[in-house]
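# Structure assessment
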Amino acid sequence: TALCGYILLTRGAFSPATYFLKEYLKVHNILVAIDSFESATITSPLIEKTIELAKAFSSKVRILHVAPKLREAPFNIDKKVLRHEVAHELHDEHELLHQLARSLRDQNIDATSLLIEGSTIKSILHKSEQLDIDLIILGCHRHSELFGAIMNDTGEGLIAKCSLPIMFIPTLEQ
């Protein structure tokens, strides 16, 4: 476990991170951002660590997935077909988020899921403020778009714009 400013990186045993958080932070509301449903199952490190923290602090958990806004359809694709496909995909993602939140509620954790369209960083920041979030938890694997957006050092990334503690949970590389 290493602490860099407000960024808490953790791998393996979770007790040092939990100790740090209990000693220095009040964690009533947790936002866990999901960028890939393959790395966000109930048995994934990201969700297991979220459950462990939520139980340790009796925290509420908000599971967030930000879908990119639908752009203009390429000239060779029918707009109605594209909209139908995107709507179907969003419906499936919404259902997966609900199942994940339901699994946390089955473990006596106050959990809700959110699926929104927009810019990932802006959406995480906006929802964190709106929901009075105390800790953001993110899965990280070096090749994801979310990792690139978060670690972007041009001032556009989440780290540059966020004043909240951010916990990165390494995900298994595929």
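Residues numbered from 1 in each chain as written. Predicted model: local features only at pLDDT ≥ 70, side-chain atom pairs only at ≥ 80, totals over all residues. Heavy atoms only, no water.

### Side note on the pattern of salt bridges
The condition is simple: Each salt bridge in this description consists of a side-chain nitrogen of Lys or Arg and a carboxyl oxygen of Asp or Glu lying within 4 Å of one another. In this scheme, a residue with accessible area under 20% of its type's maximum is buried, one over 50% is exposed, and one in between is partly exposed, where area comes from a 1.4 Å probe on protein chains only.
Under the criterion given, the structure shown has two salt bridges. A salt bridge links Glu95 to Arg102; the shortest N-O distance between them is 4.0 Å. Overall, the relative accessible area of 39% leaves Arg102 in the partly exposed class.

### Digging into the pairing of strand E7 (residues 166-170)
As a reminder, the rule being used: Note on conventions: DSSP H or I runs of at least 4 residues are helices, E runs of at least 2 residues are strands, and numbering of each starts at the N terminus. Should DSSP find at least two bridges between two strands, the strands are regarded as paired.
Counting buried positions along E7 yields five of five residues, so the element is predominantly enclosed. Neither face of E7 is open: one carries Ile166, Phe168 and Pro170, the other Met167 and Ile169, and all of them are buried. Here strand E6 (residues 135-140) runs beside E7; their pairing, made up of five bridges, is parallel. Note that in E7 the partner of Ile136 across the bridge is Ile166.

### Quick notes on helix H4 (residues 120-130)
Rules: Along the arc lie the directions from the helix axis toward the C-beta atoms.
Those residues of H4 lying buried are Ile121, Ser123, Ile124, Lys127 and Ser128. In a view along the axis of H4, the buried residues occupy a sector of 165°, so they form one face of it. Among the exposed residues of H4, those pointing more than 90 degrees away from its buried face are Lys122 and Glu129. In the stretch just after H4, Asp132 is the one whose phi turns positive, near 55°.

### Regarding the side chain of Arg62
The line we're drawing: Note on definitions: a residue-residue contact is assigned when non-hydrogen atoms from the two residues lie within 4.5 Å.
Within the secondary structure, Arg62 sits in strand E4 (residues 60-67). Each residue touching Arg62, except ones within four places of it in the same chain, is listed here: Ile30, Leu31, Val32, Asp110, Ala111, Thr112, Leu114, Leu131 and Ile133.

### Structural notes on the pairing of E4
Sheet faces and side chains relate simply in a regular strand, where the side chains alternate between the two faces. Counting buried positions over the eight residues of E4 gives seven, a clear majority of the element. Relative to E4, strand E3 (residues 29-34) runs parallel, the two being bridged by six bridges. Its bridge partner lying in E4, Ala33 is registered against Leu64. When E4 meets strand E5 (residues 111-117), the two strands line up parallel, connected through seven bridges. Across the sheet, residue Arg62 finds its bridge partner in E5, namely Thr112.

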